[in-house]
2 protein chains.
Amino acid sequence: MRPLTLDALNQQLQTVQYAVRGELAIKAEVLRDQLKSGGADLPFDKVISSNIGNPQQKGLDQPPITFTRQVAALTEYPALATLAPNAFPEDVVARAQELLEDIGSIGAYSHSQGVPLIRKSVAAFIEARDGHPSSPADLFLTAGASAGVSLLINMLITSPNSGILIPIPQYPLYTAALAQHHGTPVPYYLDEEAGWATSVPSIIDAIKKARAEGVEVKALVIINPGNPTGGVLDAPTMEKVVKVCEEESLVLLADEVYQDNLHDRANQPFTSFKKVVRNLQSPVPLVSFHSISKGVSGECGRRGGYFELVNVSEEVRALVYKLVSVGLCPPLSGQIGVDSMVRPPKEGEPSYALWKKETETIHKALASRTNLMAQRLSALPGVSCVQSPGALYLFPRITIPAKAIEHAKSLGKEPDAFYAMGLLEETGICVVPGSGFGQRDGEWHYRLTCLCPGVEEYVGKLEGFHQAFLKKWA
Amino acid sequence: MRPLTLDALNQQLQTVQYAVRGELAIKAEVLRDQLKSGGADLPFDKVISSNIGNPQQKGLDQPPITFTRQVAALTEYPALATLAPNAFPEDVVARAQELLEDIGSIGAYSHSQGVPLIRKSVAAFIEARDGHPSSPADLFLTAGASAGVSLLINMLITSPNSGILIPIPQYPLYTAALAQHHGTPVPYYLDEEAGWATSVPSIIDAIKKARAEGVEVKALVIINPGNPTGGVLDAPTMEKVVKVCEEESLVLLADEVYQDNLHDRANQPFTSFKKVVRNLQSPVPLVSFHSISKGVSGECGRRGGYFELVNVSEEVRALVYKLVSVGLCPPLSGQIGVDSMVRPPKEGEPSYALWKKETETIHKALASRTNLMAQRLSALPGVSCVQSPGALYLFPRITIPAKAIEHAKSLGKEPDAFYAMGLLEETGICVVPGSGFGQRDGEWHYRLTCLCPGVEEYVGKLEGFHQAFLKKWA
């Protein structure tokens, strides 16, 4: 018997990188276990996982929306409507009944594309958002946005020469999916000086460069609001992006999972690519992704989301249907979470007041933490941080002293990974180095979520570590 | 702008076939919609989806286990413990509290491998089942067994020449995953005359034939109890299978999702491959898959399951960890379903009596329906049906009259697909033709689930259609 070793396994998969749950996150778990067991002498009393946008994580304490959880509990155990009649508002009982009539039991497989009633709710949500029709037939509910992104990338890659344009910095799901499905990432650079703006000339340059290298560029990924940058695209830029896709025959993959995380809604609103494509009457094939993991919902653990196909032919849709069918159906608990997200209580309904209070509290807290963190980080020597108008993150740029760079390299580490490991070991704060998202050569960043409780104490730790780091490596 | 057409998409994915949700299932949905809208004049008043093992599906009415749903509802909405103190037995409240202490909120991402506490429960379940140790570190919770199978096949395929042995007939997930990841299925035939027994000589023949054709045979899939056959392997055969894997350096992929669906437990018990491998002190790398979708749990919609790695090195396990991390985590609702499945109420606990009654009722009903259906089908002219001791299905063999075969071929259809379409259109019963699972040339079968209510009426419809079909095409 020959033992099973890495060389006998798919080599392509071994190139996959996913920094968000990489070396630092693994180390953070080790430290957390050490604290729990009590034996370790560490310079902090808790580990804060700022490496992943996980709002309801223990210690971050973004509470779930009560309406969402009440509907979920009643669909899990419908007898509660009778057993505990006073525990649920009327509109929750009605919603659960309506869902159960269509679904039957949430322990049953649904339609491969997702429960028809819930797809109707999503279509109504999209229509209200964009002012353009949406059809449940073009909607595919998914286990979070990641599952859909991975599927679409798999479909678009026809050979190792197939390229997909991805922003730099990017969310590493894209490079991971490209590695897994043996495609070529075609990087285009976001403009940090312009608040991480999407630069159309940079996209065109990237296309030219890739073609010169023999890459067939098939699709363009836009993350809006941006991850890790928090940038929000304005409508004129989006129109230019759609025009580029038309001219270059690109499929547009719009990762719009942070569409409800906006810190300055009046001045920097979210516009969907669906709306822009329809306004322009453009034929660009578009796939738009959304999720219940972010926004005020923050229901990462349910694994729910959807994508909408726009300007996609019936035969391509049938192929998508066949492929999702092999996975049977998205989790029902996630699907029901999607329904609650796209169809929240309306004014006048019993659950409305509490829902409004809860969502406003979350929006306000996130905006105020993001602003405060960006200001305080920018005030540090050698740090500049774009004041992000959207998403859950900041992506400060850090100047790392030459001595520290040298030392990091002698350890075989990226300098920003070395910085982030120091931060974790000194403060218990786990962030992700910029090298995990991509950045220009010679630049260093890290991504942190804006989800901590006790922001003053938290920022104080970031400041203290940075000052000491500069001093140590001066 | 060039529109997005199939020729611009991954050709390999277009070869994927998944009959369980194929042409017949799609037609069944159309008929169901026609019945709903009331306009159609159809010779039946309901569509019965016998094409998929979906116990809690509307109209099939296998009820969920109350304990499972009570725990689920309390973890969704923990305030219920206070709001509705009399709605939950004490052991349910305690279980939900224990889970929430480890998980925090079920709206948070968990560890990529699954909640540590739940992996501990699974390890204890495996140890009690097999009498051999199991480590939570070797366990990966999944979104149903399918997600795990697909991942492992992806990992094992290093080139289009990589082959994986699959039983014929097989569950089409295997050929679908092989097509998706561009590997080669290496079929070995189960022995219908011996009750769908797994034939070790047939496995060895298949390996020889594949190698002669230049295929590198990397792994062996065993489905036990069988899908679609319902066959259950005996321990001596399993030992021989493990020996073959040793001699031929094969990874053993054991699909054991039906391990709790046994209709004659005393005479045809389930033995896990983990137990056999450990009893033999064999070094064979084994991946064993389990799921909450089948058994008495029947919680398909939650998407929960796990796999255990046995005799797999630390570096391979680290690769699996990295790959599952890209998908973030399995659905929490599925994970909690796994906990309820592997850790049901114990004798003496408040929920035990009801749990016992519910599970015994499900086991008994399934066994009696399976036996009755197999007997009655076997009594039909031109039909033989193995009396399956396990799983949820029967796979009767049908003799199709020459004229019907000719007619089917003139329509470009497989004869058994033609038969199944007739059955659907005449009776509203949706089954899957044997051609969707694989069978010997010139043989015809179909797979039906044993999950219908009103078995007498149901079997009467099967009988009536078959008689009329024979008469029509005599």
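From a predicted model like this one, the values you see are computed outputs, not experimental measurements.

Peer 1: I tried to follow the domain arrangement of chain A on my own but got confused; where do I start?
Peer 2: Many descriptions give the size of an interface as the accessible area lost when the pieces come together. All names here are of chain A. You can read the domains of chain A as domain 1 (6–62 + 357–472) and domain 2 (109–342). The C-alpha-based centres of domain 1 and domain 2 are spaced at 26 Å. Between domain 1 and domain 2, roughly 3,000 Å² of surface is buried when both sides are summed, and carbon and sulfur atoms account for 57% of that area. Put simply, domain 1 and domain 2 have 2 salt bridges between them. Joining domain 1 to domain 2, the criterion identifies 17 residue pairs in polar contact (both at pLDDT 80 or more). Listed by contribution, the elements that provide at least two residues to the side of domain 1 that touches domain 2 are helix H13 (352–378) and strand S10 (393–394). In terms of residue count, H13 provides more of the side of domain 1 that touches domain 2 than any other element does, 6 residues in total. Looking at side-chain class alone, the side of domain 1 that touches domain 2 contains 17 nonpolar, 17 polar and 4 charged residues.

Peer 1: Mind showing me how you'd approach the pairing of strand S5 (residues 216–223) of chain B here?
Peer 2: Side-chain positions along a regular strand alternate between the two faces of the sheet. Residue and element names in this part refer to chain B. For S5, the buried fraction is high: 7 of the 8 residues fall into the buried class. Of the strand pairs in this sheet, strand S3 (residues 162–168) and S5 are connected by 4 bridges, and their pairing is parallel. If you follow Ser 162 over to S5, its bridge partner there is Glu 216. Inspection of the sheet shows S5 paired to strand S6 (residues 251–255) by 5 bridges, in the parallel sense. Pairing of Leu 220 across the sheet is with Leu 252, part of S6. Following the backbone out of S5, through helix H9 (residues 235–248) and into the adjacent parallel S6, one traces a crossover that is right-handed.

Peer 1: Explain the packing of helix H4 (residues 90–103) of chain B against helix H12 (residues 332–342) of chain B to me, please; I cannot follow it from the model alone.
Peer 2: The description of two packed helices rests on the angle between their axes and on the distance between the axes. Residue and element names in this part refer to chain B. Relative to each other, H4 and H12 sit at 135°, their axes nearing to 12 Å. By the criterion of interaxial angle, the relationship of H4 to H12 is oblique. Considering only the axes of H4 and H12, their crossing is right-handed. Contact residues: Arg 95, Leu 99 and Ile 103 in H4; Leu 332, Ile 336, Asp 339 and Ser 340 in H12. Residue classes in the contact of H4 with H12 are distributed as 4 nonpolar, 1 polar and 2 charged.

Peer 1: Can you help me understand the sheet that holds strand S4 (residues 184–189) of chain B in this one?
Peer 2: Note on sheets: strands pair through backbone hydrogen bonds, and any given pair is parallel or antiparallel. All names here are of chain B. With mixed pairing, the 7 strands of this open sheet are ordered in space as S2-S8-S7-S6-S5-S3-S4. Strands with a single pairing partner mark the edges of an open sheet, and in this sheet they are strand S2 (139–142) and S4. The mean inter-strand angle of the sheet, taken between neighbouring strand axes irrespective of direction, is 20°. Sheet contacts for helix H6 (residues 144–156): S2, S3, S5, S6, strand S7 (286–291) and strand S8 (305–310); angle to S7, the most-contacted strand, approximately 160°. Each of S3, S4 and S5 touches helix H8 (residues 200–212); the most contacted strand, S4, lies at about 145° to it.

Peer 1: Would you explain unusual backbone geometry in this entry?
Peer 2: All names here are of chain B. Here the bond from Ile 168 into Pro 169 is cis, since omega is 0°, no more than 30 degrees from zero. Following the sequence through the fold, Pro 169 ends up in the loop between S3 and helix H7 (173–180). At the junction of Asn 227 and Pro 228, the peptide bond is cis and its omega measures out at 15° in the coordinates. Mapping Pro 228 onto the fold places it in the loop between S5 and H9.

Peer 1: I'm lost on the packing of aromatic side chains in this one. Help?
Peer 2: As enumerated under the stated definition, the model contains 30 aromatic pairs over all chains in all. Relative to Phe 465 of chain A, the ring of Tyr 419 of chain A lies with its centre 5.1 Å away and its plane at 80°, an arrangement referred to as edge-to-face. Linking Tyr 419 of chain A in helix H15 (residues 415–427) with Phe 465 of chain A in helix H16 (residues 455–472), this pair joins segments that are 46 residues apart in sequence. When the ring of Tyr 419 of chain B is compared with that of Phe 469 of chain B, the centres are 4.9 Å apart and the planes differ by 75°; the resulting orientation is edge-to-face. Here Tyr 419 of chain B is found in helix H15 (residues 415–427), whereas its partner Phe 469 of chain B is found in helix H16 (residues 455–472), with 50 residues between them in sequence. Phe 469 of chain B sits in the buried class, given a relative accessible area of 6%. Through a chain of ring-to-ring contacts, the aromatic side chains of Phe 418, Tyr 419, Tyr 446, Phe 465, Phe 469 and Trp 473 of chain A assemble into a single cluster.

Peer 1: I keep staring at the interface of chain A and chain B and nothing clicks. Help me out?
Peer 2: Each partner contributes to the interface: chain A provides 88 residues, whereas chain B provides 88 residues. When the buried area of chain A at its contact with chain B is split by residue, Met 1, Arg 21 and Tyr 109 of chain A rank highest and sum to 11% of it. For the pair chain A and chain B, the number of links is 2 salt bridges. The residue Glu 76 of chain B makes a salt bridge to Arg 302 of chain A at a minimum N-O spacing of 2.7 Å. Our enumeration of links across chain A and chain B arrives at 38 residue pairs in polar contact (both at pLDDT 80 or more). Element by element, the count of residues in the side of chain A that touches chain B is highest for helix H11 (residues 314–326) of chain A, at 8 residues. A breakdown of the residues in the side of chain A that touches chain B according to their chemical character gives 44 nonpolar, 28 polar and 16 charged.

Peer 1: Just checking my understanding: could you explain the relation of the copies chain A and chain B for this structure?
Peer 2: Both copies of the chain are related by a screw-like operation: a rotation about an axis and a shift along it. Superposing chain A onto chain B takes a rotation of 180° plus a shift of 0.0 Å along the axis, which leaves an RMSD of 0.0 Å. One copy is carried onto the other by what is essentially a two-fold rotation axis. Distance from the rotation axis, computed per C-alpha, reaches its smallest value in chain A at Ala 73 of chain A: 2.2 Å.

Parameters at a glance
- Every chain is numbered on its own, with residues counted from 1 as its sequence reads.
- Labels are handed out in written order, letters beginning with A for the chains and numbers beginning with 1 for the ligands.
- Restriction of local features to residues with pLDDT of at least 70 applies here, the model being predicted, together with a cutoff of 80 or more for giving and counting side-chain atom pairs; totals for whole chains, interfaces and linings are based on all residues.
- To get the side-chain values, all heavy atoms of the structure are used, and hydrogens and water are removed first.
- Those domain boundaries reflect an automatic or database domain assignment.
- Accessible area that two parts lose when put together, with a 1.4 Å probe and added across both, is what the buried area reports.
- In the sections that follow, a salt bridge refers to a side-chain nitrogen of Lys or Arg positioned within 4 Å of a carboxyl oxygen of Asp or Glu.
- Side-chain atoms alone can form a polar contact between residues adjacent in sequence; in general such a contact is a pair of N or O atoms within 3.5 Å, and within protein one must be able to donate a hydrogen while the other accepts it.
- Think of it this way: any DSSP run of H or I at least four residues long counts as a helix, any run of E at least two long counts as a strand, and we number them from the N terminus.
- Gly is put with the polar residues, along with every residue not named as nonpolar or charged; the nonpolar set is Ala, Val, Leu, Ile, Met, Phe, Trp, Tyr, Cys and Pro, and the charged set is Asp, Glu, Lys and Arg.
- For every residue, the accessible area obtained with a 1.4 Å probe (protein chains only) is divided by the maximum for its type, and the residue is called buried under 20%, exposed over 50%, and partly exposed between those limits.
- Two strands qualify as a pair provided that DSSP identifies no fewer than 2 bridges between them.
- Here a crossover is taken to be right-handed if, once the strands point away from the viewer, the path from the first strand over the helix to the second is traced clockwise.
- A fitted line through C-alpha atoms represents every axis, and for helices the fit uses only the stretch in contact; the resulting angles, taken between N-to-C directions, go from 0 to 180 degrees.
- The cut-offs work like this: below 35 degrees is roughly parallel, past 145 is roughly antiparallel, 65 to 115 is roughly perpendicular, and the gaps in between are oblique.
- With the far helix as reference, a near helix turned anticlockwise by less than a right angle produces a left-handed crossing, and one turned clockwise produces a right-handed crossing.
- We call two residues contacting when some pair of their heavy atoms lies within 4.5 Å.
- The pairing test for Phe, Tyr and Trp rings, Trp by its six-membered ring, is centres within 6.5 Å, and the orientation test on the planes gives stacked under 30 degrees, edge-to-face over 60, and tilted for anything in between.
- Least squares is the method used to superpose the copies, on C-alpha atoms of residues holding a pLDDT of at least 70 in both.

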